[in-house]
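What follows is each chain in one-letter form.
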Amino acid sequence: MSAFLTSSLMHNIFGGLAQGVVYSLVALSLVIVWQSTHVLNFAQGAMAMFATYIGMTEIDRGIGYWWCVIISVAVGMIVGGLTERVLIRPLYGKPEINPIVVMVGFLGVLEALSAAIWTSSTRNIAEPFSQIFYHANGNLVYLSPFIIFQIILAICIMLLVAALFRFTRLGLQLRASALAPEVSRLLGIRVSRMLTIGWMLSAGVGAIAAVIQASGSFGLFPTNMDGIFVAGFIAAAVGGLESPIGAVAGGLLIGLAEQFILAYWSPNVAPLGGIIILVVALMIRPQGLFTKHAGRRV
Amino acid sequence: MDWWRSFFRQESTHSRLIGVTALAALTLAITFVLPPVANSELAGGAAIAIVILGLSWLIGWSGQISLGNSGFMAVGAYAAGIWAHHHNTTPLVFTLALAIVAGGLSGLIIAIPSTRLRGPYLAGLTLAFAAAVTPIAQNFTSVTGGEGGIFLNSLVTPSWFGHLFSGANAVINANAQWTADLAVVVAAVSFFFMANLFHSRTGRAMRLVRDNDVAAELMGVDLLRTRSSAFMIAAAYAGLGGALYSLLEASVRPETFPLTLSITLLTLMVLGGIGTLSGAVIGGIIYSFSADLVAHVNSLTGVNPTSNLGANMQGIIFGVLLILTMMFAPRGLVSLRTPIQKLFRILRPRRQTPDLGELH
Amino acid sequence: MIRVQNLSVNYGAVKALRDVSFEAPTGQITAVLGANGAGKTTLLRTISGLVTPKTGSIHLDERPLVGVATENIARMGVAHVPEGRGVIEELTVEENLRLGAMAAKVDLAEGLREQYERFAALGERRKKLCSTLSGGERQMLAMARALIAKPRVLLLDEPSLGLAPQVTAQLMRSIHDLCESEHLTVVLVEQNAKSALRIAHRAVVLHLGTAVASGDATSVAADDNLRRYYLGVVVE
């Protein structure tokens, strides 16, 4: 058993899953926004990074890690809600290129602003759990308390989101508003409020992903979510942008693919893994692997 | 007044040739009076204008969005750079042609899966491509020079041009102006081709595909071919611009093509006006003098340019400008002059010129 | 009671409604009749606040509706069953019903029980996705979803569309019974003038956005000219 755990195969699977859950969370957050407002939020990663900076600099004031996580998520949600109200709301009904361009601009502003406030050098965050790998019979297992924590936290968040959408009044209203906004309004549901809540939820999930990413060995810097966003987008797109389950599965798949390319070829080429998966997936099913219905929205 | 109007509408190849030549000649004349620093900036702006023009064509005319043009630039730059590094005496035209082909090919490769995609998928895939290009280039250190890049010295000022200059800084002045003039000429040729493309059968088919792909298909337009050719052309322009830019910089380095460059390109294109030649010119001019503009903003607001804020001022300004323009003047800064135009129209009514920059 | 006064609606240059006035009294069915493009759907959408009128007013009893947001009009007790029924296919029957009750101050369990009693077929399919329902079942669900909120006004847009004649007749009967038992104000938009006039108390005939006639359903039904020119009903 321990020989199996320390094998290079398991090493890569653990490493891939650890990165994959972060991708899954970003992908999930993109799907939530896409479902509610049909906007692909290119600033998702940057918004999460910004929120993490605000929350995590509180550590300097002697506030505990967990409180900082909560602050990050809260700030993320506020930024998400404001973004929908101020930047996205005026663009409903405009060509789909307009919100894309605006969010790309917002991405630029957030990254430049963060570099201006906190400098562009990497900031290491005192992680709540040890990053030292376990050993089995003197051999390294690619698992640390932190990696276990990040996988469990991500799974908890995914289950929470699923439960919220599936079993709560709010979740039902969110789903109805996304599926049929006009009918929902006719039933008295405050759809515009639901859209804002959708953005807040999404940004909250994104902030969790950024917190995990920043607490890990890569640390926090203004562009630290760029690559994560790209991988998260690919994960969401592989699933068809509509499917939360597809997004999560896509994230894990890309995490694993990158880890294997990284291990057997070169770390620089790892981003290629996601692109190849996306291209193959889209060639097979242009509407995404996990969407039931074809057809497009005009 | 008819010749005047037809000239500005650029309805015939002749008028387009005259228009582009006149603009280029004017710019070349200006380079004689500009200080060397400004000439270097102008050269960079001309290279960037070529890239913007390709992007403008892609977004404004074919309705496809790309966030990966910094990646296509890198492909062109590396192709030209690697070749020029080993064959230093190759004529510039050939090196640039190589960049065009390399850029176009990379565009085609991206286009094959992309043209079946719409809006956000396309934007995301091209972004992923741009994010992957430079790490991959760094991976092949023996060819691409890795992190440090490749050193280039193919832009040599010819001696006849150098003889035009005298005085203390003759060499510096001559070099700066030579690069500026060269970039302007390359840009003028690219602009002339694009102007003709706008008015060609392909251009019209492209707009039809953008506005109503179902109708276009019914009329016998091959959607996949039209869309992927639009991508290929945009990528070829990016490749050419990227190569020219790197030749001017005298090096090809990964850090020249960060993801933020794609944002900058998009901003400049949107500021100038989507889908127009003038938009690309304006975008290029803004790029040329963006460093000065930012320095100006810093001094106006009293921000220390070496502080964190000062160093990131450009990113903040560009991002804010991109958001504001898209929200309040989606047809570019040019559209802001409409109140003045309206006044003129009241004073002297005449037929309205067709809009090319309108997004659908 | 719904009172519409001098209502005009424009879609850009197109005048969809011109100076339309009528009253839909409480406890009665008011049929809005006319051909395709007469402005019937626009009229209902304007009452619900989905379309903003150019001029004119709409009152629910004494409260003005123009300028009030759609969701608030719904919360005031106006239930609009839109054209095509507006059943959310990706949700289950029960989820659709829960949505209907969500904004209203009603007891959900009680409401569900009541609607399943009224429409037994829905009770059997409560956990099924709505995409599996037949046209008649969808119409039942749309009605149940509207009624669960205990509305005062029911706006029905072409409920008979795509239904078999027997199903239509049954549906019209239940609309009539509902109106009486719940004392509802019903505005019934129908292209199928014949079956609508059979149950309606009052009728408004729209033609190219103008109300060409309004009054008692019986007198509208008796007017040969109206029947021939606007309602497409063959005069024997």
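Placed above this text is the structure.
None of these values were measured; they are calculated from a predicted model.

> Before we move on, could you go through the packing of aromatic side chains and cite the residues and values that matter?
Counted by the stated rule, this structure contains 22 aromatic pairs over all chains. Three or more aromatic residues link up through ring pairs in this structure, and these residues are Tyr65(A), Trp66(A), Phe129(A), Phe146(A) and Phe149(A). Positioned above the aromatic ring of Trp61(B), the side-chain terminus of Arg207(B) is 5.2 Å from the ring centre.

> Mind laying out the interface of chain A and chain B, listing which residues take part and the relevant values?
On the side of chain B, 44 residues touch chain A, which itself brings 48 residues to the contact. Each partner contributes to the roughly 3800 Å² buried at the junction of chain A and chain B, and carbon and sulfur atoms together form 77% of this total. The interface formed by chain A and chain B includes 0 salt bridges. Remark: the boundary between chain A and chain B carries 0 residue pairs in polar contact (both at pLDDT 80 or more). Of all the secondary-structure elements, those providing two or more residues to the side of chain A that touches chain B are α4 (65-88), α5 (97-118), α10 (226-238) and α12 (271-284) of chain A. At 16 residues, α5(A) tops the list of elements feeding residues into the side of chain A that touches chain B. A class-by-class count of the residues in the side of chain A that touches chain B yields 35 nonpolar, 8 polar and 5 charged.

> Before we move on, could you go through the sheet that holds strand β3 (residues 29-33) of chain C and cite the residues and values that matter?
Residue and element names in this part refer to chain C. Spatially, 6 strands are ordered β6-β7-β8-β3-β9-β10 in an open sheet, and the strand pairing comes out mixed. Among the strands making up the open sheet, the edge pair consists of β6 (78-81) and β10 (210-216). Each adjacent strand pair in this sheet contributes to an overall mean axis angle of 15°, direction not counted. Judged from the 5 bridges that link them, strand β7 (residues 153-157) and strand β8 (residues 185-190) form a sheet pairing that is parallel. Directly across from Leu154, in β8, lies its bridge partner Val186.

> Quick rundown of the packing of helix α3 (residues 44-56) of chain A against α4(A)? Include the residues and the values.
Residues and elements named next belong to chain A. The geometry of α3 relative to α4 is characterised by a closest axis approach of 7 Å and an angle of 140° between their N-to-C directions. Relative to α4, the element α3 is oriented oblique. Two packed elements cross with a definite hand, and for α3 against α4 that hand is right-handed. Residues Met47, Ala51, Thr52, Ile54, Gly55 and Met56 of α3 form the contact with α4, whose participating residues are Tyr65, Cys68, Val69, Ile71, Ser72, Val75, Gly76, Val79, Gly80 and Thr83. Of the residues belonging to the contact of α3 with α4, the class tally is 10 nonpolar, 6 polar and no charged.

> Tell me about the pairing of β7(C), and please be specific about residues and values.
Residues and elements named next belong to chain C. Within β7, 5 of the 5 residues are buried, leaving the element largely enclosed by the surrounding structure. Bridging between β6 and β7 involves 4 bridges; their strand directions are parallel. Across the sheet, His80 pairs through a bridge with Leu155, a residue of β7. Read as a crossover between parallel neighbours, the route from β7 over helix α7 (residues 165-182) to β8 is right-handed.

Definitions and cut-offs
- Residues numbered from 1 in each chain as written.
- Chains lettered and ligands numbered in written order.
- Predicted model: local features only at pLDDT ≥ 70, side-chain atom pairs only at ≥ 80, totals over all residues.
- Heavy atoms only, no water.
- Phe/Tyr/Trp six-rings, centres within 6.5 Å; stacked < 30°, edge-to-face > 60°.
- Lys NZ or Arg CZ within 6 Å of the ring centre and 35° of its normal.
- Contact = heavy atoms within 4.5 Å.
- Buried area = accessible area lost by both parts, 1.4 Å probe.
- Salt bridge = Lys/Arg side-chain N within 4 Å of Asp/Glu carboxyl O.
- Polar contact = N/O pair within 3.5 Å; in protein donor to acceptor, adjacent residues only side chain to side chain.
- Helix = DSSP H or I, 4+ residues; strand = E, 2+ residues; numbered from the N terminus.
- Nonpolar A, V, L, I, M, F, W, Y, C, P; charged D, E, K, R; others polar.
- Pairing = 2+ DSSP bridges.
- Axes fitted to C-alpha atoms, helices over the stretch in contact; angles between N-to-C directions.
- Parallel < 35°, antiparallel > 145°, perpendicular 65-115°, else oblique.
- Left-handed = near helix turned anticlockwise from the far one by under 90°.
- Buried < 20%, exposed > 50% of the residue type's maximum accessible area, 1.4 Å probe, protein only.
- Right-handed = clockwise from strand over helix to strand, strands pointing away.

Any functional reading would require information beyond the geometric quantities listed.
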